[in-house]
Amino acid sequence: AATPIGNLGDITLRALEALAAADVIACEDTRVTGKLLERYGIATALMPYHDHNAAEARPKILRRLEAGEAVVLVSDAGTPLISDPGFKLVAAARQAGHGVTTLPGASATLAALTVAGLPTDRFFFEGFLPPKETARRARIAELARVPATLVLFESGPRLGASLADLAQGLGPRAAAVCRELTKLHEEVRPASLPELAQHYADEAETRGEIVLVIAPPQQEEQ
């Protein structure tokens, strides 16, 4: 079930019903999901399921499914499995013969695409670039040939360095930094990659969740 990416009002009625009716909710951080449940008066039990405990937690969830329980999987924010753990659980549940369905909702990727003002007919979701400079620049060189709008996640401390490498590797493409979407201090800053790199090199605000949207290459660049 998708959960809000910021504003807690962005939860579907169907998701609330499923969360309340479930026997257990598998989540990345029980404190984060606990705030959502508290907001809506839901008392369903929580169990952690994240990258560090997945191998141990997955069999426990499968045993609960085998016993006929209903399990809802959520991530801290947005749609589960998108740059978050979960696909191995879905695969294992299906292989064991259990039904798996989705309750769609908020997604940072789609939210950024809708407000960036860049082409949306074809996009490539990259997730996070490598944190180390050499690997990051090598990956950007590969992405330069992708004939689609690029969507990337980035952390505040790395935003300036990543934008500088993107400007060097992709040139003056149009782009947008989408920060804190749906939250009180939402910011969408459209500009060329060099302009964005300069802006965020000058100690601009970088706190919060960040999505980068970058225009596709010109036809001759592909």
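Residues numbered from 1 in each chain as written. Predicted model: local features only at pLDDT ≥ 70, side-chain atom pairs only at ≥ 80, totals over all residues. Heavy atoms only, no water.

Draft legend 1. Layout of the overall build of the protein. Assigned secondary structure in the protein consists of eight helices and eight strands. When the backbone C-alpha atoms are referred to their principal axes, the protein occupies close to 55 × 35 × 30 Å. By residue count, 43% of the 222 residues in the protein fall in the buried class. Long-range contacts, defined here as pairs at least 24 residues apart, represent 68% of the contacts in the protein between residues at least 6 apart. (Helix = DSSP H or I, 4+ residues; strand = E, 2+ residues; numbered from the N terminus. Buried < 20%, exposed > 50% of the residue type's maximum accessible area, 1.4 Å probe, protein only. Contact = heavy atoms within 4.5 Å.)

Draft legend 2. Region of the structure containing the sheet that holds strand S4 (residues 123-128). Spatial strand order, S4-S5-S8-S6-S7: five strands in an open sheet with mixed pairing. Each end of this open sheet is capped by a strand with a single partner; those strands are S4 and strand S7 (187-192). For this sheet, the mean angle separating the axes of adjacent strands, direction not counted, is 15°. Pairing of strand S6 (residues 174-179) with strand S8 (residues 210-214) involves five bridges; the strand directions are antiparallel. The partner of Ala176 across the bridge, within S8, is Val213. (Pairing = 2+ DSSP bridges. Axes fitted to C-alpha atoms, helices over the stretch in contact; angles between N-to-C directions.)

Purely spatial values, then, with no claim about function.
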